[in-house]
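If you want the building blocks of each chain, they are given just below.
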Amino acid sequence: MNTLRGLHIILLLCLINASAAVRISPNTNCGNVRIRYPFGTEKGYYLNEWFEVTCNGHKPFLRKINLELLDTVFLKVNLPVISSGCRKNSTGVSVDLSGSPFSFSDSNKFTVIGCSNYATMINQNNSVVGGCLSVCNGDEKAGKEGCYGINCCQTTIPSNLQYFKVNISSFPNSDNANNRECRSAFMLDQDSSKLISPINYKNGTYSPASLDWVKYFGSCRERSDSSNTIFDEGYCWLSLSSNLLCGCPRIRRGYCQGNMYCLNNNCSQCPAGYQNSSTFGYCTPNKTLDPLGKVQIIAGSIGGSLGLLLLFIGGWWLYKFVKKRKKIKLQQKFFKRNGGLLLKQELCSDKGNVDKTKLFSSNELEKATDNYNTNRILGQGGQGTVYKGMLADGRIVAVKKSKIGDESKVEEFINEVVILSQINHRNVVKLLGCCLETDVPLLVYEFVSNGTLFQYIHDQTEEFSITWEMCLRIAIEISSALAYLHSAASIPIYHRDIKSANILLDDKYRVKVSDFGISRSMTIDQTHLTTQVQGTFGYLDPEYFQSSQFTEKSDVYSFGVILVELLTRQKPIRSTICEENKSLAAYFLCAMEEDDLFKVLDSRVLKEADKEEIIIVAKLAQRCLNLNGKKRPTMREVATELIRIRGDSIVPPNFEEIIDCKDGDIVGHNLETGSSSTERGSFFNRAATFSIGANLLISKDRDKIEELPLTA
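The model shown is predicted, which means the values in this text are computed figures rather than measured ones. (Residues numbered from 1 in each chain as written. Predicted model: local features only at pLDDT ≥ 70, side-chain atom pairs only at ≥ 80, totals over all residues. Heavy atoms only, no water.)

Draft legend 1. Up close: the overall build of the chain. Across its full length, the chain holds 17 helices and 40 strands. Looking at the chain residue by residue over its 712 residues, the buried ones come to 50%. Considering only contacts within the chain whose residues lie at least 6 apart along the sequence, 64% involve residues at least 24 apart. (Helix = DSSP H or I, 4+ residues; strand = E, 2+ residues; numbered from the N terminus. Buried < 20%, exposed > 50% of the residue type's maximum accessible area, 1.4 Å probe, protein only. Contact = heavy atoms within 4.5 Å.)

Listed below in structure tokens is the structure:
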């Protein structure tokens, strides 16, 4: 073994002397940290600008993201400790790695320290992605031997996270002494938490955390005297492209060969200038063909004209055949990955009572959206894009296309299809169908043309603003849709993300409730759903946040926040320096308790509405926001009360829209007039339809898929 290692070293030295193009990475130290490739302090000796290190006061920093570097082998950095009520308060600080090849490793733990500390991690979309609550204990030693919820708690972080902001607040009903106590929250590497008790970071400024920066992608092979080769203490590094790096622990027959790593998890099979070698299965440069390959090229070039013609014809037909077969296999692969087999099983069963949904082909949706033309984009977000399209029959639709095919999100996709396929209500956005044969699943909805309620509340213009009459009608339609979901659908459904941004308005400003990605159905005898906390900060039920048990009253709380938005025209998270008044719900409840209601109302509401009506609606909102979920009204009671406020003296005994599956007809009871109408209940299916049973609804916890606006 020693002899073989010696031969490798001799060969390495010979290669270095033979080629001036080969560079030696000048490893340096900054303080106690060894700086190794792909990181570097000198230009030309780091992979790209994201890996440039500056040495400031014997401490290395990653220049682009300005984070102190603790270890280049395992890539550990110092992250800021977010604190409130401490010696150095830093509430509101965010850490952003967007655009870089780095992400926070899921080996880190989000750690919360302090008495009655209620802290959450929030992403760019102001949605909660993690958090926990540490309760009080007078014993100062509590929490020093581990985080179990007493003065210290820890929770996992989502994968591929590149941004987070921390919100720290005291737990409701905690005394003033606890409110003044030092509370901290930070991300902590799991290995560090074993060595040092997390509670020791309570008054600290920084905490050690790990970053992920590469993902194994395949194998590579290149000549060892290439100009893009760097030798680092006997290790051969190849920069194949700006996104690919090859690390080779040894040299064999003049070649560096080893593992290829992707820096942004979105690399092609082989980078530009490289080809896939069927002999070795490596990415090899186009310029370094093996001798056998050269002989084959020469032999092929001296063939006769007839042979070339036959070869061309045969190759053309073979190309067409292989291309067609490859397309079919690819569609089958996508269909399976996108949950098609699971849906197919339900097609053959008699389970469930679900409306049939059309299965669109990829060609249909490409034509409908003009090959996903950028001029057809209705909205974009972190998870994907929504396009406006027109089907062959002239219908205008909204096509939702995810950015990345994530197999872990397939269950949430199926969940949304299942939920919307069971609903036929005038105030719930209608799912027309889906497409499973593309790289990412596509959902096709009815097109809703007038934006979201959030826009009309908070981005009003002088040309148009919603009146009090419209506010009451919108509130009635939202509450009736939720009452239908809770008590009149074929099985009870909890929405779990009710907010004004998920309330769409059509051309007549009628409500369309959307975003059922994290919704769940319930059996008749279930009273709650125990899940990981998901939703949007500002609308989350405090009782659900504390217990992780979601009930129908949690939807009621979120609806109460929307009522307060309509009354005050303020956002759920208020723009104020005062920490106690950031929550609109808490601010409103405080005003109600102190009889200062009319001080917090919007001037247009005071001008247009009758004061008696305002008080009744405000008291209804107060009941919806009760911290005790059992004391909140049901959505049916809320809808009934709003109808009476509007002036309708007679409330239909069953005002929700009911699905009658007999003969495929749908009987709809009009909320305002009580009249009924009948329409066919199944969608036209060009090629095939599938029926999804209620048993497919997923009860496991998944990260929330961002819902994009289905509007212009």
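Draft legend 2. How the structure looks around the sheet that holds strand β17 (residues 206-212). Here six strands make up an open sheet; going across it, the order is β4-β5-β6-β7-β17-β10 and the pairing antiparallel. Of all strands in the sheet, those bounded by a partner on one side alone are β4 (53-56) and β10 (103-104). The pairing of strand β7 (residues 76-80) with β17 spans five bridges and is antiparallel. If you follow V77 over to β17, its bridge partner there is A209. (Pairing = 2+ DSSP bridges.)

Draft legend 3. Inspection of the state of the cysteines at higher detail. Summed over all chains, the structure comprises five disulfides. Residue pairing for C132: its cysteine sulfur links by disulfide to C153, the two sulfurs lying 2.1 Å apart. Across the S-S bond linking C132 and C153, the dihedral sits near 85 degrees, which makes this disulfide right-handed. In this pair, C132 sits in strand β13 (residues 128-134) while C153 sits in strand β14 (residues 152-156), placing the two residues 21 residues apart along the sequence. In this structure C153 comes out as buried when scored by relative accessible area, which is 5%. With no disulfide of its own, C434 lies closest to C435 among cysteine sulfurs, the gap being 7.6 Å. (Disulfide = S-S within 2.5 Å.)

Draft legend 4. Fine view of the packing of aromatic side chains. Inspection of every chain in the model, using the stated rule, returns 13 aromatic pairs. A centroid spacing of 5.0 Å and a plane angle of 85 degrees characterise the contact between Y544 and F550, whose relative ring orientation is edge-to-face. Residue Y544 is classed as buried on the basis of its relative accessible area of 0%. With a relative accessible area of 3%, F550 lands in the buried category. The residue whose ring lies beneath K64 is W50, and the NZ or CZ to ring-centre distance is 4.7 Å. For the cation-ring pair, K611 lies above F598, with the distance from its terminal atom to the ring centre recorded as 5.4 Å. (Phe/Tyr/Trp six-rings, centres within 6.5 Å; stacked < 30°, edge-to-face > 60°. Lys NZ or Arg CZ within 6 Å of the ring centre and 35° of its normal.)

Draft legend 5. Expanded view of the nonpolar core. I478, F559, L567 and F588 are the most contacted members of the largest nonpolar core, which has 71 residues in total. Among the elements that make up this core, the one with the highest residue count is helix α10 (residues 468-488) (13 residues). When sequence neighbours within four positions are dropped, the list of residues in contact with F559 reads A475, I478, S479, L482, I498, C624, M635, V638 and L642. Within the second largest apolar cluster, 41 residues are counted, among which are C153, A209, W237 and L263. (Core = buried A, V, L, I, M, F, W, Y, C linked by side-chain atoms within 4.5 Å.)

Draft legend 6. Representation of helix α12 (residues 552-568) in the model. Spanning 17 residues, α12 covers 25 Å between terminal C-alpha atoms, matching the ideal 24 Å at 1.5 Å per step. α12 sits mainly inside the fold: 16 of its 17 residues count as buried. For α12, the N-terminal capping position is held by T551, with its side-chain oxygen 3.1 Å away from the main-chain nitrogen of K553. Trailing α12 by a residue or two, R569 shows a phi angle of about 60 degrees, which is positive. (Expected span 1.5 Å × (residues − 1). Polar contact = N/O pair within 3.5 Å; in protein donor to acceptor, adjacent residues only side chain to side chain.)

Draft legend 7. Structural context of the sheet that holds strand β9 (residues 94-96). Taken in spatial order, the four strands line up as β9-β15-β12-β13 in an open sheet, and their pairing is antiparallel. Strands at the two margins of the open sheet, each flanked by one partner only, are β9 and β13. On average, each strand axis in the sheet is tilted by 15 degrees relative to the strand beside it, whichever way the strands run. Where strand β12 (residues 117-122) and β13 come together, six bridges link them in antiparallel fashion. (Axes fitted to C-alpha atoms, helices over the stretch in contact; angles between N-to-C directions.)

Draft legend 8. Just the environment of Y509, in detail. Relative to the helices and strands, Y509 resides in the loop between β33 (503-505) and β34 (511-513). Residues Y509 and R473, spaced 36 residues apart in sequence, show a C-alpha to C-alpha distance of 9.6 Å. When residues no more than four places from it in sequence are discounted, the contact partners of Y509 are N450, Y456, F464, M470, R473, I474 and E477.

Draft legend 9. How the structure looks around a nonpolar patch on the surface. Together, L306, L309, L310, F312, I313, W316, W317 and Y319 line one region of the surface with nonpolar side chains, adding up to about 960 Å² of accessible area. Its place among the elements puts L306 in helix α5 (residues 305-337). (Patch = residues over 30% accessible without salt bridge, like charges linked within 9 Å, V, L, I, M, F, W, Y side chains within 5 Å. Areas by Shrake-Rupley, 256 points an atom, 1.4 Å probe, with all protein chains shown as cover. Salt bridge = Lys/Arg side-chain N within 4 Å of Asp/Glu carboxyl O.)

Draft legend 10. Just the pattern of salt bridges, in detail. Following the criterion strictly, the structure yields 11 salt bridges and no others. In this structure, the salt-bridge partner of K512 is E446, at a minimum N-O distance of 3.6 Å. One end of the pair, K512, is in strand β34; the other, E446, is in strand β31 (residues 442-446), with 66 residues separating them in the sequence. Side by side, K512 and E446 carry an identical accessibility label, which is buried. Close ionic contact of D602 with R604 constitutes a salt bridge, the shortest N to O distance being 3.0 Å.

Draft legend 11. Here's a closer look at the pairing of strand β6 (residues 67-71). In this sheet, β6 lies alongside strand β5 (residues 59-62) in antiparallel orientation, the contact comprising two bridges. Its bridge partner lying in β6, L62 is registered against L67. The loop that links β5 with its antiparallel partner β6 comprises four residues; one of these, N66, has a positive phi angle of about 55 degrees. Alignment of β6 against β7, held across three bridges, turns out to be antiparallel. Bridge pairing links L69 to V77 in β7. Taking the residues that link successive antiparallel strands as the turn, the β6-β7 hairpin has four residues, and the phi of L75 there is positive, at about 50 degrees.

Draft legend 12. Here's a closer look at helix α17 (residues 635-646). Along its 12 residues, α17 runs 16 Å from first to last C-alpha, staying within 8% of the 16 Å computed at 1.5 Å per residue. Just downstream of α17, G647 is the residue with a positive phi angle, here 115 degrees.

Draft legend 13. Spotlight on the confidence of the model for the chain. Across the chain, the average pLDDT comes to 75, with 67% of residues at 70 or higher. Note on residues 346-355: pLDDT is under 50 here. Beyond four places in sequence and across chains, it has 27 contacts. Of the regions scoring below 50 in pLDDT, residues 649-712 engages in 196 contacts with residues more than four places distant in sequence or in other chains. (pLDDT = per-residue confidence, 0-100.)

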